[in-house]
Amino acid sequence: LLLVLPSLAFAQNSSRTVERIEQKGNRLEVVTNDGTYLITPYSDRIMETVFVPKGEAHDSRSHAVVMAPKAAGTLRTVEGAVEFATGGISATVTRAPFGIGYSYKGKPLVAEKNGYTRKGKLESIDFALTPDEALYGGGARALGMNRRGHRLPLYNKAHYGYGQKSEQMSYAMPLVLSSKMYMVHFDNPTTGFLDLDAKKANVLSYEPSSGRKAYQVIAGDSWEQLAYEYTSLTGRQPLPPRWAFGNFASRFGYHTEAEARATVDKFIAEKVPLDAIVFDLYWFGPDMRGSMGNFTFNKEQFPQPRQMMADFAAQGVKTILISEPFVLTASKRWPEAVERKVLATDDKGAPFTYDFYFGNTGLIDITSPNARSWLWDIYKDLAPLGVAGWWGDLGEPEVHP
């Protein structure tokens, strides 16, 4: 513990005072003058901290965590501080001035600076950084590996033609990795900012627009272990089939069955290994505009899709279809999508429509179980034809951030 306490000297909040510290089961409750800290170990390498401001109720719902807490925390007290520790990660709370710091196997990782603060409607949770640590993560950005010095928007939005730099492209993640071998995952899906020491004051700050004041500190002995711990916390996708790691024929796009067959035959003739062929949007329409959302083979361009895919399979080639979460108002399925209520709606309950490159469109509300079933049933109808996989293209950030 003596190794931990000196690291808290630069990470304290003199305006926050401790009223009570109590362990309840496997959770440490730290009641202060302006709210309550709930500190829970998930494993020997993961510690969660939630701050509940006075007058607010604790919201235990996570947008990302699938792991259940399974580590035992042990509380011990020393002069002026308490340590809540597992066999690896620990949280140390100093009473006066107030501070919280995190360590792994006795080595300091990171500490709150002012912790949670609010100025009007602006909220933040900040941490003290050492001058030499690099910061990675934050999601899709074109900024180089070390993102320290940037204030990143937490808002999913496409950035077309961004050139050599983009602070915001496609999907953001409220996740920071440090060269000191730890991660901080901010467990809140709302919009906001991730300030990676943009003011060069050695401060990491999470600035949500609303929602939970929750984060998990994740530690490890290697980058591989960090990745393993993080995916233990938030979940892992199933391992794809072996063929999905192979070589694909993919372009924008194959317009006809004859063109696709000629392409596969050429790969085989030239003895280039081929595991799959990908069909972009022309499989459901002759043009780029007007047919997105049909979700069915265009008979004029692909007269025998079942036989085509069976022939490909006999040659050792799988077939992958690209689909998008958009149903155009010109699509054959537009009336059905409206009737089945599978589309995102406006404030009056009508399907929300807008123009983008491919036409006037609605957006499949994939958060709706009804919409998911509708789309999944379409896929299940196509699967017996010989479809081996799906490529989910585009997405909400394209034109509807």
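Report on the accompanying structure. Numbers given to residues run from 1 along each chain, matching the order in which its sequence is written. The model is predicted, so local features are restricted to residues of pLDDT at least 70 and side-chain atom pairs to those at 80 or more, both for listing and for counting; the totals for chains, interfaces and linings are taken over all residues. The side-chain quantities take in all heavy atoms of the structure and omit both hydrogens and water.

### Here we look at the pattern of salt bridges
Salt bridge, as used here, is a side-chain nitrogen of Lys or Arg placed within 4 Å of a carboxyl oxygen of Asp or Glu. All told, the structure shown has 22 salt bridges when counted by the stated rule. Here K213 makes a salt bridge to E56, at a shortest N to O gap of 3.7 Å. Here the residue K213 occupies a position in the loop between β16 (203–208) and β17 (214–219), and E56 occupies one in the loop between β4 (46–53) and β5 (74–78), the gap between them amounting to 157 residues. Throughout this description, buried means an accessible area under 20% of the type-specific maximum (1.4 Å probe, protein chains only), exposed means over 50%, and partly exposed covers the range between. Look at K213 and you get buried, because its relative accessible area is 7%. Here E123 and R118 are joined by a salt bridge, their closest N and O atoms 2.9 Å apart. Exposure remark for R118: the relative accessible area of 47% places this residue in the partly exposed category. Each helix corresponds to a stretch of at least 4 residues labelled H or I by DSSP, and each strand to a stretch of at least 2 residues labelled E; elements are numbered beginning at the N terminus.

### A look at the nonpolar core
Core analysis: the largest hydrophobic core is formed by 41 residues, its most contacted members being I277, F279 and W374. For this core, the secondary-structure elements that each account for two or more residues are α2 (257–269), β19 (276–279), α3 (305–314), β21 (326–328), α4 (334–339), β22 (354–356) and α5 (369–382). For this core, the element with the most residues is α5, which contributes six residues. By size, the runner-up hydrophobic cluster in this structure holds 39 residues, among which are I21, V82, A172 and L204. Here, nonpolar core refers to any group of buried Ala, Val, Leu, Ile, Met, Phe, Trp, Tyr and Cys residues whose side-chain atoms link them within 4.5 Å.

### Structural notes on the packing of aromatic side chains
Only rings of Phe, Tyr and Trp enter the pairing, Trp through its six-membered ring, and a pair is recorded when the two centres are within 6.5 Å. The plane angle decides the type: under 30 degrees is stacked, over 60 is edge-to-face, the rest tilted. Counted by the stated rule, this structure contains 24 aromatic pairs. When the centroid spacing of 5.5 Å and the interplanar angle of 80° are considered together, the rings of F279 and F302 count as edge-to-face. Remark: F302 occurs in the loop between β19 and α3 and F279 occurs in strand β19; sequence separation between them is 23 residues. You'll find F279 and F302 in the same group, each marked buried. Clustering of aromatic rings is evident, with ring pairs tying together Y254, F279, W283, F284, F297 and F302. Two conditions define a charge located above a ring, namely a distance within 6 Å from the ring centre to NZ of Lys or CZ of Arg, and an angle within 35 degrees of the ring normal. If you follow R16 out to its NZ or CZ, it ends over the ring of F51, 4.9 Å from the centre. A cation over an aromatic ring shows up here: R151 above the ring of F193, its NZ or CZ 3.8 Å from the ring centre.

### Re the pairing of strand β13 (residues 172–178)
Burial analysis of β13 places six of its seven residues in the buried class, which makes it a mostly covered element. Any two strands are treated as partners once DSSP identifies two or more bridges connecting them. Note: strand β11 (residues 135–139) against β13, four bridges, orientation antiparallel. Within β13, the position partnered with Y136 by the bridge is L177. Across four bridges, the pairing between β13 and strand β14 (residues 182–186) is antiparallel. Pairing of L175 across the sheet is with H185, part of β14. Connecting β13 to the antiparallel partner β14 that follows it, the hairpin turn spans three residues, and M181 within it adopts a positive phi of roughly 70°.

### Remarks on the sheet that holds strand β1 (residues 18–24)
The strand order across the open sheet formed by eight strands is β1-β2-β3-β4-β17-β14-β13-β11, and the pairing between neighbours is antiparallel. Each having just a single partner strand, β1 and β11 make up the two edges of the open sheet. The sheet shows a mean angle of 15° between the axes of neighbouring strands, taken without regard to direction. Alignment of β14 against β17, held across five bridges, turns out to be antiparallel. Bridge pairing links F186 to Y215 in β17. For every element, the axis is a line fit to its C-alpha atoms; helices are fit only across the contacting stretch, and the angle between N-to-C directions ranges from 0 to 180 degrees.

### Quick notes on the sheet that holds strand β20 (residues 318–323)
Pairing within the open sheet is parallel, and its four strands lie in the order β18-β19-β20-β24. Two strands in the sheet have a free side with no partner beyond their single neighbour: β18 (248–250) and β24 (389–392). Adjacent strand axes in the sheet meet at a mean angle of 25°, parallel and antiparallel pairs treated alike. Of the pairings in the sheet, the one linking β20 to β24 comprises four bridges and is parallel in character. Paired with I320 across the strands is G389, a residue of β24.

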